[in-house]
Amino acid sequence: MRAERPDLAPLIDHALLDPHQGTAAILQCCSEARHFGFAGVCVASRWVATARDQLPREGKGPTPQLIAVVGFPFGAVPAGVKQAEAEAAAAAGADELDVVPDFGSLADRSSTPIHDELAAICELGLPVKVILEVGRLDPEALALLVEISIDAGARFLKTGSGFGPPVTVEQVGQLRDLARGRAAIKASGGIASLEQALALVEAGATRLGTSRGVALAQALRG
């Protein structure tokens, strides 16, 4: 008999971050998220208002959280630009923000600009996930960025943007150990199979960011 497996749908942030997709793809993404009961829909800030219309906060049954990425995918914009994007996403109806931090300051080991930028966005009052790009950071830089993110008020640590190497179980374990229960973990980037998704959850991920949410949910049901 097959061991009971966790239901992945309530853990999936259904992502549509391909810049070459338009309105029809956003509408389909929202419809799929509602149908399967996904945790959230993750889109570029440009699409928040469109997605909000498809994800009413009031209605029958739970509605997926509407997540906007900020400073995506590299975070290499001035803090004021990132703040303005976060404020615009919040005003358009975002429920959560996935934010790319200032990696340039991290390379210089300059903590204050990173902290101040993230803290200002966290002060908007929406849950913030900081995109850490774990696969590209040395252990010292990763530990520093985790501490800065948590101190600034981040509620989640996100493994990556999807523009780097695929997420691994080891990376989730690293973040779990560094977070010490102070922030939740979102695994994201290259989640291609049901077995991989289940292993990431077993390692400590409480959200899975993926564009393959439908295939994963169908594989689990099958």
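Heads up: these notes are all about the structure in this document. (Residues numbered from 1 in each chain as written. Predicted model: local features only at pLDDT ≥ 70, side-chain atom pairs only at ≥ 80, totals over all residues. Heavy atoms only, no water.)

### What about the packing of aromatic side chains?
This is how the line gets drawn: Working definition: a ring pair exists when centres of Phe, Tyr or Trp rings (six-membered ring for Trp) sit within 6.5 Å. Plane angles under 30 degrees give stacked, over 60 give edge-to-face, the rest tilted. Burial here depends on accessible area, computed with a 1.4 Å probe over protein chains only, as a share of the maximum for the residue type. Under 20% is buried, over 50% is exposed, and the range in between is partly exposed. Strands here mean DSSP runs of E at least two residues long; helices mean DSSP runs of H or I at least four residues long; both are numbered from the N terminus. We count a charge as sitting over a ring when the NZ of a lysine or the CZ of an arginine lies within 6 Å of the ring centre and within 35 degrees of the ring normal.
Inspection of every chain in the model, using the stated rule, returns 3 aromatic pairs. Taking the centre distance of 5.6 Å and the plane angle of 10° together, the rings of phenylalanine 36 and phenylalanine 38 count as stacked. The same class applies to phenylalanine 36 as to phenylalanine 38, namely buried. Between phenylalanine 72 and phenylalanine 163, the aromatic rings sit 5.6 Å apart at their centres with planes inclined by 75°, giving edge-to-face as the arrangement. In this pair, phenylalanine 72 is assigned in the loop between β3 (65-70) and α3 (79-92) and phenylalanine 163 in the loop between β6 (156-158) and α7 (169-179), connecting sequence segments 91 residues apart. Classification of phenylalanine 72 by relative accessible area gives partly exposed; the value is 22%. An aromatic cluster of at least three residues, connected via ring pairs, comprises Phe72, Phe74 and Phe163. Just above the ring of tryptophan 47 sits the side chain of arginine 46; from NZ or CZ to the centre is 3.8 Å. Across the ring face of phenylalanine 156, the terminal group of lysine 129 is positioned such that the distance to the ring centre comes to 5.5 Å.

### Side note on the sheet that holds strand β1 (residues 12-16)
For clarity, the cut-off: Here, strands pair whenever DSSP counts at least two bridges between them. Axes, fitted as lines to C-alpha atoms, cover a helix only where it is in contact. Angles between the N-to-C directions of the axes lie from 0 to 180 degrees. Here, two residues are considered to be in contact whenever any of their heavy atoms come within 4.5 Å of each other.
Taken together, 8 strands build a closed barrel; the order of strands is β1-β2-β3-β4-β5-β6-β7-β8 and the barrel is parallel. Averaged over neighbouring strand pairs, the angle between their axes works out to 25° when direction is ignored. Note that β1 and strand β8 (residues 207-210) share 3 bridges and pair parallel. Paired with histidine 14 across the strands is threonine 210, a residue of β8. Helix α1 (residues 23-36) rests against β1 and β2 (40-44) of the sheet, and its axis sits at about 170° to β1.

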